[in-house]
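# Tertiary structure, described
These are the residues of each chain, in order.
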Amino acid sequence: MNLMLRPTIRTGSARSKVLKLCLASTSVVFGLTKVPLDAVLALWSQVITTDDECKVEIGDDPDSTEFSKKMWFIAEAFIHLGLFSFSEEEAIIAVQLHHDQYIKYGNSIIPEITESNAVDAAARWHGAFVAGYNARLRTIKDSEGQLQDCSRPYALRNIVRHMIQAKIIPKVLEMLKDDRFCRERLTKFGWIEGARMHVGDCQLLASKALESKSATEAETHKVVLSCLKKMSVILSEEPDLADETRVEKAMALHLIGFTQAENNGMNEALTSYKNAMQLMPLPSHPFNIIIMYSQAVVHLIRNDYDKSLKKLKACAKLLKDQTADENGQFTGLQAEIAMLRGDAQFGACDYVSAETSYEEALALVEHASKVDIGTVLFRRARLHQTMGELDQALAALT
């Protein structure tokens, strides 16, 4: 450890680079996130073995026991220097950088330790973590149960994000479509949280593609839909489950359907919503209202006004059967249904009925925010404009 902390390396007068490289890469890849120590060691082992100066400074075979010991020594040095705070949960040691000033310092020394700019260095270091974790995973599998993968929960949650930052997109697509990975996520974190992670990864992938201008918006929609397909299929399965579990699966599947609709996958969204309805244990369950409302929105977008109105009618009936508390917890949803019904009637050229629906929605949002009231008034104004009643349209807007 003394050799690691001293200002010069063992031979010559060049300054030590290893600690600075470890700090900079940790600040870029993990930030202030608490992560398993094994994940940090996986990153360090990879960034050091891919840097010629650091390999000379360490002076050991990366596959040797001595090399592994020195990675631990660096972690101990970080703890003793106050760079790391650490904790232990379920026999797993976790560490995180102690203060955001260390991240600022780590970012500031990037030009000193690498010839790459900060963006390229970040991509390379995220890729180093992915490669380092996969190498450790192979070692664990070869150990036949003697070693434990302490970083697996972290990897299940974050590995795709690191891969996106590393710009290894083909592998990202492969993983998001992988049956085993999707099921492991759902098993570890639950139906809803697992689905939320999957959606988040898909959205991050799309945003990075648009940000880099490597794909058009239409192309990103297709990619996201392809990555959601496997998760939708898994969640649609109907094994013998308890009622509570079926509701959770339906909620997760509804989230997938909502994301599919956001990415212009209307057919896929309707399929997910339909399967979510089939998962629900009771027709009277309140979450059925949300699913049917979402179905109505998609039908409206597809200009299928009759189907949209049919779903909204079912929504209103089920909502009426629910018992609202004294604060009127369903008033907002009632207003949304009335307003959407007006939109469907407007699209079907049933202007008289649309006016009635908008008046109902306006009465329901009377004590709501000005934004909600303005939204309904705008729709009424649009209706009157279409009917040629310009004075009434202006009155609704002023």
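Structure shown above.
Residues numbered from 1 in each chain as written. Predicted model: local features only at pLDDT ≥ 70, side-chain atom pairs only at ≥ 80, totals over all residues. Heavy atoms only, no water.

## Brief notes about the overall build of the chain
The line we're drawing: Every helix listed is a DSSP run of H or I at least four residues long, and every strand listed is a run of E at least two residues long, numbered separately from the N terminus. Only C-alpha atoms enter the radius of gyration, while the globule expectation follows 2.2 Å times N to the 0.38, with N the number of residues. Relative accessibility thresholds used throughout: buried, under 20% of the residue-type maximum; exposed, over 50%; partly exposed, between the two (1.4 Å probe, protein chains only). Contacts between residues were defined by any pair of non-hydrogen atoms, one from each residue, lying within 4.5 Å. For accessible areas, the Shrake-Rupley method is used with a probe of radius 1.4 Å. Any residue's cover is judged against the shown protein chains and nothing else. Note that His is not counted, nor are the chain ends; the positive residues are Lys and Arg, and the negative ones are Asp and Glu. A charged residue contributes its charge at one atom only: NZ of Lys, CZ of Arg, CG of Asp or CD of Glu.
Per the secondary structure count, the chain includes 21 helices and three strands. Relative to its length of 398 residues, the chain is extended, with a C-alpha radius of gyration of 28 Å against a globular reference of 21 Å. The buried share among the 398 residues of the chain stands at 44%. Taking the contacts inside the chain whose residues are at least 6 apart along the sequence as the reference set, 60% of them involve residues at least 24 apart. For the chain, the accessible area works out to roughly 21,100 Å², and carbon and sulfur atoms hold 53% of it. Charge separation in the chain, taken as the distance between the mean sites of 45 positive and 52 negative side-chain charges, equals 3 Å.

## Quick look at the side chain of S357
Mapped onto the elements, S357 comes out in helix α19 (residues 351-364). Leaving out residues up to four positions away in the same chain, S357 has contacts with A338, R341, G342 and Q345.

## Examining the packing of helix α16 (residues 287-301) against helix α18 (residues 331-347)
Threshold: All axes here are fitted lines through C-alpha atoms, helices being fitted over the stretch that makes contact, and every angle between N-to-C directions spans 0 to 180 degrees. Every angle not falling under 35 degrees, over 145, or within 65 to 115 is termed oblique; those three ranges are roughly parallel, roughly antiparallel and roughly perpendicular. Note: crossing handedness is left-handed where the near helix turns anticlockwise from the far helix by less than a right angle, and right-handed where it turns clockwise. Throughout, the ten residues Ala, Val, Leu, Ile, Met, Phe, Trp, Tyr, Cys and Pro are labelled nonpolar, Asp, Glu, Lys and Arg are labelled charged, and all others, Gly among them, are labelled polar.
Interhelical geometry of α16 versus α18 gives an angle of 25° and a closest axis separation of 11 Å. On the basis of the axis angle, α16 is roughly parallel to α18. For α16 against α18, the interelement crossing comes out left-handed. Judged by residue contacts, I289, I290, Y293, A296, V297 and L300 of α16 engage L333, E336, I337, L340, D343 and A344 from α18. Split by residue class, the contact of α16 with α18 holds 10 nonpolar, no polar and two charged.

## A look at the packing of aromatic side chains
Note the cut-off: When the centres of two rings from Phe, Tyr and Trp lie within 6.5 Å, Trp using its six-membered ring, the rings pair. Their planes under 30 degrees apart give stacked, over 60 give edge-to-face, and anything left gives tilted. Should the NZ of a Lys or the CZ of an Arg lie within 6 Å of a ring centre and within 35 degrees of the ring normal, that charge is described as sitting over the ring.
A full pass over the atoms with the stated rule returns eight aromatic pairs. Taking the centre distance of 6.0 Å and the plane angle of 80° together, the rings of F129 and Y154 count as edge-to-face. One end of the pair, F129, is in helix α8 (residues 118-142); the other, Y154, is in helix α9 (residues 152-165), and 25 residues separate them in sequence. Neither residue differs from the other here; F129 and Y154 are each classed as buried. Each residue in the set F30, F129, Y133 and Y154 is aromatic and connected to the rest through ring pairs, giving one cluster. The residue whose ring lies beneath K249 is W191, and the NZ or CZ to ring-centre distance is 4.7 Å. Looking at R382, its charged tip hangs above the ring of F346, at a distance of 4.6 Å from the centre.

## Some remarks on a nonpolar patch on the surface
Threshold: Each patch groups residues whose relative accessible area exceeds 30% and which form no salt bridge, using 9 Å between like charges and 5 Å between nonpolar side chains of Val, Leu, Ile, Met, Phe, Trp and Tyr. Should a side-chain nitrogen of Lys or Arg be within 4 Å of a carboxyl oxygen of Asp or Glu, the pair is scored as a salt bridge.
Where nonpolar side chains cluster on the molecular surface, the patch consists of W72, F73, F86 and I93 and spans about 380 Å² of accessible area. When you line up the elements, F86 lands in strand β2 (residues 84-89). A relative accessible area of 54% means that F86 is categorised as exposed.

## Details of the sheet that holds strand β3 (residues 92-97)
For clarity, the threshold we go by: Think of it this way: DSSP has to see at least two bridges between two strands before they count as a pair.
A sheet is described by the order of its strands in space; here three strands give the open sequence β1-β3-β2, paired in antiparallel fashion. Of all strands in the sheet, those with a lone pairing partner are β1 (35-36) and β2, marking the two edges. Sheet topology places β2 next to β3; six bridges connect them, and they run antiparallel. Looking across to β3, one finds that S85 is bridged to Q96.

## Side note on the packing of α16 against helix α17 (residues 305-321)
One can describe the packing of α16 onto α17 by two numbers: an axis separation of 8 Å at closest approach and a directional angle of 160°. The angle between α16 and α17 falls in the class roughly antiparallel. Once α16 is placed against α17, the crossing between them reads as left-handed. Of the residues in α17, those touching α16 at N288, I289, M292, Y293, Q295, A296, H299 and L300 are Y305, K307, S308, K311, L312, A314, C315, L318 and L319.

## Focus: the nonpolar core
The following threshold applies: The criterion is simple. A nonpolar core is a set of buried Ala, Val, Leu, Ile, Met, Phe, Trp, Tyr and Cys residues joined through side-chain atoms within 4.5 Å.
Within the largest apolar cluster, 81 residues are counted, with the highest numbers of intra-cluster contacts made by W44, I48 and F129. Take this core: its biggest share by element is eight residues, from helix α3 (residues 37-49). Those residues in contact with I48, other than ones at most four positions away along the chain, are V18, L21, C22, C54, K55, I58, F67, M71 and I74. Of all hydrophobic cores here, the second largest spans 12 residues; its members include I289, A296, I337 and A344.

## A look at the pattern of salt bridges
Summed over all chains, the structure comprises 20 salt bridges. Of the charged contacts, one joins K34 and E89 as a salt bridge, the two residues approaching to 3.7 Å between their closest N and O atoms. Of the two residues, K34 sits in the loop between α2 (18-29) and β1 while E89 sits in strand β2, which places them 55 residues apart along the sequence. On the basis of relative accessible area, K34 is assigned to the partly exposed category, the value being 39%. Members of the salt-bridge network, linked through shared partners, are D179, R183, K230 and E237.

## Focus: α9
Three or four residues apart is the spacing at which side chains of an α-helix point the same way, because the helix has 3.6 residues per turn. Applicable threshold: Take the residue count of a helix, subtract one, and multiply by 1.5 Å to get its expected span. The term bend refers to the angle at a residue between two fitted axes, each drawn through seven residues, those ending there and those starting there.
A rise of 1.5 Å per residue sets the reference length of α9, with its 14 residues, at 20 Å; its end C-alpha atoms lie 19 Å apart and thus fit the reference within 8%. Remark: the principal bend of α9, roughly 55°, maps to N158. For α9, the complete set of buried residues consists of Y154, A155, L156, N158, I159, V160, H162, M163 and I164. Following α9 by one or two positions, K167 has its phi on the positive side, about 65°.

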